[in-house]
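Structure at a glance
Each chain, letter by letter, is given below.
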Amino acid sequence: PCAENECGHHRSEADASMVRNCESLWYATAAIVRSAPAVYATTVSYAFALLLLTHWPQVPEIATGGSLLPLDKIIHWVLYAGLGFLLSFANRVGTSRPRPPWLALLAATAVFAAADELTQTLTGRSPEILDWVADLAGAAAGLGLGRLVARAIDRQLDLIGGVPLVSGDRSQ
């Protein structure tokens, strides 16, 4: 048997079942990323783990193989991209409070990264300005990617009639 979709085209029950399964996946994804306590706890846990990793007293030297960008800078970029991504989602959940703009999140991350670098002397490591630059570049990339993913989820939920991650203005 075939069902008629909103465009007047026929689709099989298997197609309709696949669409329902896809919609269920989107609803489940939205429920996870909409859960403010879960998003906040994940973000704080990630930031704490990041601080532990960057303050580990004896880190073995990483051979870069003569690459243009040292591997430790890539690691800093990736770690802070993850933090930026999580901050982007933490900024989008909940609608009862005003959300800080993207640049405010980037500035807060810059302060966090600077404090991270400067406190490394407490564990016998040395702060490096290029580590901070890599941290900031990664955070900016993560914040941007998080915004794009959240908007994509919102658009998909709009298509299937779900509730977006945030209501009202989605420019953040």
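All residue numbers refer to positions counted from 1 along the written sequence of the respective chain. Where totals are concerned, whole chains, interfaces and linings use all residues; where local detail is concerned, this predicted model gives features only for residues with pLDDT of at least 70, and gives and counts side-chain atom pairs only at 80 or more. Water and hydrogen atoms play no part in the side-chain values, which are based on all heavy atoms of the structure.

1. Description of the overall build of the protein
- Helical segments are the DSSP runs of H or I of at least four residues, strand segments are the runs of E of at least two, and each set is numbered from the N terminus. For the protein, the count of helices and strands is 5 helices and 2 strands.
- In the protein, the order of α-helices and β-strands from amino to carboxyl end is β-β-α-α-α-α-α.
- Contacts are residue-level and defined by heavy atoms, with any inter-residue pair within 4.5 Å sufficient. A separation threshold of at least 6 residues defines the contact pool for the protein, and within that pool the share at least 24 residues apart is 71%.
- Only the protein chains shown count as cover for residues, with accessible areas throughout obtained via the Shrake-Rupley method and a probe of 1.4 Å. Total accessible area computed for the protein in this model is approximately 10,200 Å², and 70% of it derives from carbon and sulfur atoms.

2. Some thoughts on the confidence of the model for the protein
- Every residue gets a pLDDT, meaning the predictor's confidence in that residue, from 0 to 100. When pLDDT is averaged along the protein, the result is 76, and 60% of the positions lie at 70 or above.
- Put simply, strand 1 (residues 2–4) is where the protein has its lowest mean pLDDT, 47, and helix 4 (residues 102–118) is where it has its highest, 94.
- For residues 1–5, every residue scores under 50 in pLDDT, and the model assigns this stretch 12 contacts once sequence neighbours within four places are set aside.
- Scored below 50 in pLDDT, residues 167–172 shows 16 contacts in the model against residues more than four places distant or in partner chains.

3. As for the side chain of aspartate 116
- With respect to the helices and strands, aspartate 116 occurs in helix 4.
- Only protein chains enter the accessibility calculation, which uses a 1.4 Å probe; a residue is then buried when its area is under 20% of its type maximum, exposed when over 50%, and partly exposed in between. Working convention for charge: Lys and Arg count positive, Asp and Glu count negative, and His plus the chain ends are omitted. Any Lys or Arg side-chain nitrogen located within 4 Å of an Asp or Glu carboxyl oxygen qualifies as a salt bridge. There is no salt bridge for the buried aspartate 116, and the closest opposite charge comes from arginine 125, which lies 7.1 Å off by N-O distance.
- N or O atoms within 3.5 Å of each other form a polar contact, as long as, within protein, one can give a hydrogen and the other can take it, and as long as residues adjacent in sequence are counted only when both atoms are side-chain atoms. Separated by 3.4 Å, the side chains of aspartate 116 and histidine 55 make a polar contact.

4. Quick word on the packing of aromatic side chains
- Centres within 6.5 Å make a pair out of two Phe, Tyr or Trp rings, where for Trp the six-membered ring is used; the pair is then stacked when the planes are under 30 degrees apart, edge-to-face when over 60, and tilted otherwise. Applying the stated criterion across every chain yields a total of 2 aromatic pairs.
- Taken together, a centroid distance of 5.2 Å and an interplanar angle of 55 degrees make the contact between phenylalanine 85 and phenylalanine 89 tilted. A residue pair is termed a helical-turn pair when its members lie 3 or 4 positions apart in one helix, as phenylalanine 85 and phenylalanine 89 do in helix 3 (residues 71–92) at 4 residues.

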